[in-house]
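Single-letter residue listing:
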Amino acid sequence: MIHNLEIGFAAAVTLQNLGFCLIGALLGTLIGVLPGIGPLATIAMLLPITFELNALSSLIMLAGIYYGAQYGGSTTAILVNMPGESSSVVTCLDGYQMARNGRAGSALAIAAIGSFFAGCVGILFIAAFAPALASVSQRFQSPEYFALMLFGLVAAVVLAHGSVTKALAMIVLGLSFGLVGTDVTSGTMRFTFGVSELFDGIDFVTVAMGLFGLAEILRNLEQKDEQRQISTIGRLWPSRSEMREAWPAIIRGTVLGSVLGILPGGGAILSSFASYTLEKRISNNPSAFGKGAIQGVAGPESANNAGAQTSFIPLLTLGIPSNPVIALLMGAMIIKGIAPGTAVMVKEPTLFWGLVASMWVGNLMLIIINLPLIGLWVKLLRIPYRWLFPGILVFCCVGVYSVANSYVAVLLTAGFTLLGYLAAKLGCECAPFLLGFVLGPLMEENLRRSMLLSDGDPLILIQRPISAVLIAAALGLLALTIIPSIQKTREEAFQE
Amino acid sequence: MMNRRSLLAASLLAPFVGPAAADSRYPSHTVTVISPFAAGGQSDSVGRVVNNHFQKVLGQPFILENKVGAGGTIGAQYVVRSQPDGYTLLLGTTSSFTIAPYVYKPQPYDPVANVAPIAALTEAPTVLLASERSGFKNLNDLVQIAKKEPGRVTVASAGIGSFPHVFSEVFSSLLGVQFNHVPYRGGGPAMNDILAGQVDVFFEVITTAAPQIQVKRAYGLLVTGNGRSALLPDVPTCTELGYPGMNLTSWSGLAAAAGTPAAIVDVLNKEANVVLQSHEMKDLLTQLGIGPVGGSPAKMAERIAQEASLYKDIISKRQIAVQ
């Protein structure tokens, strides 16, 4: 492995490749910060440029955009409650609250540090264990995915700080919105009302922008000017105690993210949600979550960056893209005549190890770029809100439109803004909604596929060990969450 | 004030003056080529080479825009409904021209009546891929088991009404076997499950299938096309195996809305044929393992009509619908 890493670094540290890495990382950070415009659109736009470059340089640049966007996405999540990337949604929960309490600098710094640590570890994983990890990921088939999604949905209840009933209601509502579109298994269109833009379902960005970012603007506009401005901008760097609290969360998040990121499909978003759930569960002070707990930022941020690195593994080892962005990178490789798959490690070691090494270089560049910028970002918060929010609004609309060149999406975002505002007024939270929206359809798809493959036999879910364990865990978690509230109601009833 | 206002009004109205003057020289401004599938796909890279050539020779920007959704019908519909003036073109595939319009209900457009073909560009052989776990090393193995136990063999597809799905229906009707169809969201997840062994077979385009067969992670049972593929010299063609009726490829072509002036169609057709012979295109196609088609608009129309009637028949017989 050391020899391989030597080859890799030798290839990655040439002036040309360093330059492309820098461009990719900068671009990635920039589009991660701009809400809505994501790495998918950017990589698609830059694909033609890579036709002129050699394979390694183009992959380095495109990969840089991808994980750079993860860094940038957390910035808007923390500053203005706008998730730049789907996996940054969880960072909004506590990160934004930290910013409102004047601790934006700490939040941004911890996010960057956690992401860097996770990136390094993720890359080590790839270097040391890629083929082994790939074969593990192959054990995850439809029944296991179903069980994992089920577990995720139950865990979503934990995300809620208030009433369990309201959280369940939001999950179900999210599930229902997730049903919109064409059903994979039967070809039936559901809830599309003949609108062709809805045939493929509602895009995640549309929902997230409306529910989180724009609804927050509405709520902020309700308050008077003085209440809105953040009282003091605190320190730009986390305090010792904050670092001490954050480190264990970073490590846990990294492990979780590295493992879940390998799973093609729902892995990336699950890793940040799972990390948040874990932190809240094992924390000494769970009620602090949702009000600015630093573990709620450190854990998920590390998880999503670790996941971003390890999501390359299925591509580089099996030739399977884990998500649409990696599919684009795969397209770029194919055009260069490199067939992604098991052969790549053996036939093109310079490419494989060069890419791995440059991912580390890119992470290093990103943290060097991002840490000093924290001061700049925090100054943005000082801008009077009446100038800030129209800017955010414009960027949001452009971002939502740019996903599919569809104005219907922008109208939908407006609808979701209203929904988010109403939800806030009714004391319901949006994170469970989002999780239901993402996991529900995946869960259904995997369940029905499992049934198709087992000829309708539901026992397949319990016969396979991994899926049986996950389902048992889900039921256990559900019981743990519901029983205390049942006991409380009983006590209240008895008292009367 | 008056001057500024009239200037503003004039600039707002200027675009509407366009069409009347456009006939004089085509193209006189930017042409948009719509790709109805996600960026980074095969047809995209071919499309970009074609666009670059058009831009060089015809002197106006040719921009590739991705309008994804609904199996390619959103992008195709957009072109079909646009002005037939040659400034909105479609970079379509087999699915756009012969399958999707018959699968999606209500019919989004008629590929024979509403589309003006310009030139067929490339065609890709389809490979019948079998997972390692299935144990099917050649076509015979598959047919034997499938006939003995109907519904036991599972076939993956990229979704209801996708090319792999419809092709598998053609296959099953020609061979008289019954499959258990398992749809996925696109080719990627389907390929993943083939490699994991969760599904038995998959009809995939050669570019993504060949690497897996070459490293022995899956078996290739047959290829379509007019001869064995250079990427997979050991895999027999469907014609060799005795099923010439299955010789259907996945092809791409340029088209516009019906009613586009013949002069414009001819110019684009001529240049498309030129670029297909270029070095750059030949290199790209060899890498992707696909072949050029070319030919006249009439030939493309003939191909559309032929394949559309074949696919339409199987789609209605097997009741494949997205509604």
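Just so you know, these numbers come straight off a predicted model, no measurement behind them.

Visitor: Would you take a moment to explain the packing of aromatic side chains for this structure?
Guide: How two aromatic rings sit relative to each other is given by the distance of their centres and the angle of their planes. All names here are of chain A. Under the criterion given, the structure shown has 18 aromatic pairs over all chains. Considering the side-chain rings of F117 and W247, the 5.6 Å spacing of their centres and the 80° angle between planes classify their relative orientation as edge-to-face. Placement of F117 in helix α6 (residues 104-138) and of W247 in helix α11 (residues 240-261) is noted, with a sequence separation of 130 residues between them. Looking at F117, the relative accessible area reads 27%, which means it is partly exposed. Summarising the aromatic geometry, the rings of F416 and F433 are spaced 6.4 Å apart at their centres and angled 70° between planes, so their arrangement reads as edge-to-face. Linking F416 in helix α19 (residues 407-425) with F433 in helix α20 (residues 430-453), this pair joins segments that are 17 residues apart in sequence. Judged by relative accessible area, which is 3%, F416 ranks as buried. Residue classification places F433 among the buried positions, given a relative accessible area of 0%.

Visitor: I would appreciate a short explanation of the interface of chain A and chain B in the present structure.
Guide: When the parts of a complex come together, some accessible area is lost, and that lost area is often used as the size of the interface. In this assembly, 40 residues from chain A lie in contact with 41 residues from chain B. Carbon and sulfur atoms make up 57% of the area that chain A and chain B hide from each other, which totals about 3300 Å². On the surface where chain A and chain B come into contact, there are 1 salt bridge. The residue A:E445 makes a salt bridge to B:R185 at a minimum N-O spacing of 2.8 Å. Counting every contact that joins chain A to chain B gives 8 residue pairs in polar contact (both at pLDDT 80 or more). Looking at the side of chain A that touches chain B, the elements with two or more residues in it are α3 (39-50), α7 (142-159), α15 (324-335), α16 (342-347) and α20 of chain A. Per-element tally for the side of chain A that touches chain B: the top contributor is α15(A), with 5 residues. When grouped by side-chain class, the residues that make up the side of chain A that touches chain B number 20 nonpolar, 14 polar and 6 charged.

Visitor: Please clarify how the sheet that holds strand β8 (residues 201-205) of chain B should be interpreted in this entry.
Guide: Backbone hydrogen bonds are what pair the strands of a sheet, in a parallel or an antiparallel way. Strand order in the open sheet made by the 5 strands is β7-β6-β8-β5-β9 (chain B), with mixed pairing throughout. Edge positions in the open sheet fall to β7 (180-183) and β9 (218-223) of chain B, since each of these has one partner strand only. Each neighbouring strand pair of the sheet contributes to a mean axis angle of 30°, computed without reference to strand direction. Taken strand by strand, α20(A) contacts β6 (154-157) and β7 of chain B, and its axis lies near 165° from that of β7(B).

Procedures and definitions
- Per chain, the residues get numbers from 1 upward, laid out in the order the sequence is written.
- Lettering of chains starts at A and numbering of ligands starts at 1, both following the order in which they are written.
- Totals for whole chains, interfaces and linings use all residues, but because this is a predicted model, local features are given only for residues with pLDDT of at least 70 and pairs of side-chain atoms are given and counted only at 80 or more.
- To obtain the side-chain values, all non-hydrogen atoms of the structure were included, while hydrogens and water were left out.
- Each aromatic pair joins two rings of Phe, Tyr and Trp (for Trp, the six-membered one) with centres within 6.5 Å, and gets the label stacked for planes under 30 degrees apart, edge-to-face for over 60, and tilted for any other angle.
- Helix and strand labels come from DSSP, where a helix needs a run of H or I of at least four residues and a strand needs a run of E of at least two; each type is numbered from the N terminus.
- In this scheme, a residue with accessible area under 20% of its type's maximum is buried, one over 50% is exposed, and one in between is partly exposed, where area comes from a 1.4 Å probe on protein chains only.
- Whether two residues touch is decided by their heavy atoms; if any such pair falls within 4.5 Å, the residues are in contact.
- Joining two parts hides part of their accessible area as seen by a 1.4 Å probe, and the buried area is that hidden amount summed over both.
- The salt bridge criterion pairs a side-chain nitrogen of Lys or Arg with a carboxyl oxygen of Asp or Glu, the two atoms within 4 Å.
- N or O atoms within 3.5 Å of each other form a polar contact, as long as, within protein, one can give a hydrogen and the other can take it, and as long as residues adjacent in sequence are counted only when both atoms are side-chain atoms.
- Gly is put with the polar residues, along with every residue not named as nonpolar or charged; the nonpolar set is Ala, Val, Leu, Ile, Met, Phe, Trp, Tyr, Cys and Pro, and the charged set is Asp, Glu, Lys and Arg.
- Strands are labelled as partners when DSSP assigns at least two bridges between them.
- To obtain an axis, a line is fitted to C-alpha atoms, over the contacting stretch when the element is a helix, and the angle between two such axes runs from 0 to 180 degrees between their N-to-C directions.

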